[in-house]
Amino acid sequence: SLNPSRRAVVQAGAAGAAAAPFLQKAPAGASMDKSARAPVITIFDHRGCAEHQNKEYTGAPSNDYNDEMLVKVQSVTLKRDDPKFLDMAKRVDME
């Protein structure tokens, strides 16, 4: 079937996030990155949703089910004092 499952969409997003650091134009080295940047993966799956117009993707439409799905990977700077970061850190299981 050409219709990807939700699992396939998540796997594609995770693979993109894992590869993102290697796509930078930086020389290989063993130094620690202290920029506090981290990948954030957002998965939009609007298949079958008719409540609103999908505005996340702005490229050319493919006129099939792909127009209702999007995996967004972005690199953000984490700020320790940001309430969103503190809330996320509380939910992470460190065991």
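What you see is a predicted model; the values in this text were computed from it and never measured.

A.B. asks: Help me understand the overall build of the protein in this model?
C.D. replies: Regarding its fold elements, the protein presents 2 helices and 2 strands. Listed N to C, the secondary structure of the protein is α-β-β-α in terms of helices and strands. Out of the 95 residues in the protein, the part that is buried amounts to 7%. Across the protein, the fraction of contacts at a sequence separation of at least 24, relative to all contacts at a separation of at least 6, is 72%. Summed over its atoms, the accessible surface of the protein is roughly 8300 Å², and 55% of this surface lies on carbon and sulfur atoms.

A.B. asks: Even after reading the chapter, I still don't get the environment of Lys 72, so can you show me in this structure?
C.D. replies: Tracing the backbone shows Lys 72 in strand E2 (residues 69–77). With relative accessibility at 35%, the residue Lys 72 sits in the partly exposed group. For the pair Lys 72 and Glu 56, spaced 16 residues apart in sequence, the C-alpha separation works out to 9.1 Å. If near-sequence neighbours (up to four positions away) are discounted, Lys 72 is found in contact with Val 40, Ile 41, Thr 42 and Phe 44.

A.B. asks: Sorry if this is basic, but what is going on with unusual backbone geometry here?
C.D. replies: Leaving glycine out, the prevailing phi sign among residues is negative, and the prevailing peptide bond configuration is trans. Positive phi is not limited to glycine here, since Asn 63 has a value of about 60°. In this structure, Asn 63 sits in the loop between strand E1 (37–45) and E2. Given a relative accessible area of 68%, Asn 63 falls into the exposed group.

A.B. asks: What is the right way to read a nonpolar patch on the surface from this model?
C.D. replies: Among the surface-exposed residues, Ile 41, Ile 43, Val 71 and Val 73 lie close enough to one another that they form a single nonpolar patch of about 260 Å² accessible area. For Val 73, the location among the structural elements is in strand E2.

Definitions and limits used
- Positions within a chain are numbered from 1, following the residues in the order the chain's sequence is written.
- Per-residue local features of the predicted model are confined to residues with pLDDT of at least 70, and side-chain atom pairs are confined, for both listing and counting, to 80 or more; whole-chain, interface and lining totals are unaffected and use all residues.
- Side-chain numbers here rest on the full set of heavy atoms in the structure, without hydrogens or water.
- We count a stretch as a helix when DSSP gives it H or I for four or more residues in a row; a strand needs E for two or more, and each element gets its number in order from the N terminus.
- Here the term buried applies to any residue with accessible area under 20% of the maximum for its type, exposed to any over 50%, and partly exposed to those in between, with areas from a 1.4 Å probe on protein chains only.
- Residues count as neighbours in contact if any of their non-hydrogen atoms are within 4.5 Å of one another.
- Computed by Shrake-Rupley with a 1.4 Å probe, the accessible areas treat only the displayed protein chains as cover when residues are assessed.
- Put simply, a patch holds well-exposed residues, over 30% relative accessible area, that have no salt bridge, with like charges counted together within 9 Å and Val, Leu, Ile, Met, Phe, Trp or Tyr side chains within 5 Å.
- Any Lys or Arg side-chain nitrogen located within 4 Å of an Asp or Glu carboxyl oxygen qualifies as a salt bridge.

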